Amino acid sequence: MTLHDDHEAFINAMSDVNPLKNNDKRYLSRPVSQAPSHGAEGITAESLPLSPLTLLPLTAEPEYRCRGSQPGVMDKLRRGHYRPEGSLSLLRVRPEDARLQLLRFIAEVRRRGGRNILIIHGKSREMTGPANVLRSYLMMWLPELAEVQASCMAAPRDGGSGAMYVSLRKTEACRNDNRERFSGKAPG
């Protein structure tokens, strides 16, 4: 196809399009949040699905970053620069029980004002092994929780592919504290 053919195809495709009236106005749709507005405190274990589940390949390095979070947060999380303020071991835990433990753990860490956690799910040698199933569930559940800002595979010193780091959003109390500490102060 030549440039002339492309232009002609474009003109033909646009032949029935009418220009907008008052084209000086811009109508932007509000971005859809990737996480629901309710949090771990408002979500029940039963609302975190157990099916359908897409198993992640064993070689996958799953990660999640919510809309609006800084890319640098993910980079630091991936390198293990944030010290976990709590860890949850889900080794040999059934998914039905794991989702309740996950919600309780996140609620407790947030109550204490923590932001970074380590979840240990174990490693699996088989695609359908329990550890890989649990890892797949975690990557399905974590984006559903409004408190979760980012998650990724842990550094080798913290469990590697058998664990994941999770970064939680700041609590309102932490935001207010930061506002008070830094209000009116110019950096440096």
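That block above? That's the structure.
Every value quoted in this text rests on a predicted model; they were computed, and no experiment measured them.

## Details of helix α3 (residues 95-111)
Part 1: Compared with an ideal rise of 1.5 Å per residue, which puts 17 residues at 24 Å, α3 spans 24 Å between its outermost C-alpha atoms and is within 8% of the ideal.
Part 2: For α3, the full list of buried residues reads P95, A98, R99, L102, L103, F105, I106, V109 and R110. Viewed along the axis of α3, the buried residues span an arc of 165°, placing them on a single side of the element. Opposite the packed face of α3, turned more than 90 degrees from it, sit the exposed residues R104 and R111.
Part 3: On its buried side, α3 packs onto β2 (87-89), β3 (116-120), α4 (130-141), β4 (148-153) and β5 (163-168).

## Observations regarding the packing of aromatic side chains
Part 1: On inspection of all chains with the given rule, the structure shows 1 aromatic pair.
Part 2: Measuring from ring centre to ring centre gives 5.2 Å for Y137 and W141, while their planes differ by 20°; the resulting arrangement is stacked. Remark: W141 and Y137 occur in helix α4; sequence separation between them is 4 residues, near one turn of the helix. Accessibility classification places Y137 together with W141 in one group, the buried group.

## Focus on unusual backbone geometry
Part 1: Note the cis peptide between S51 and P52, where omega equals -10°.
Part 2: Position of P52 relative to the elements: it lies in the loop between α1 (3-13) and β1 (63-65).
Part 3: A positive phi angle, close to 60°, is found at R92, a residue other than glycine.
Part 4: As for its position among the elements, R92 is in the loop between β2 and α3.
Part 5: Assessed through its relative accessible area of 84%, R92 is described here as exposed.

Thresholds, definitions, all that
- Residues numbered from 1 in each chain as written.
- Predicted model: local features only at pLDDT ≥ 70, side-chain atom pairs only at ≥ 80, totals over all residues.
- Heavy atoms only, no water.
- Helix = DSSP H or I, 4+ residues; strand = E, 2+ residues; numbered from the N terminus.
- Expected span 1.5 Å × (residues − 1).
- Buried < 20%, exposed > 50% of the residue type's maximum accessible area, 1.4 Å probe, protein only.
- Arc of directions from axis to C-beta.
- Contact = heavy atoms within 4.5 Å.
- Phe/Tyr/Trp six-rings, centres within 6.5 Å; stacked < 30°, edge-to-face > 60°.

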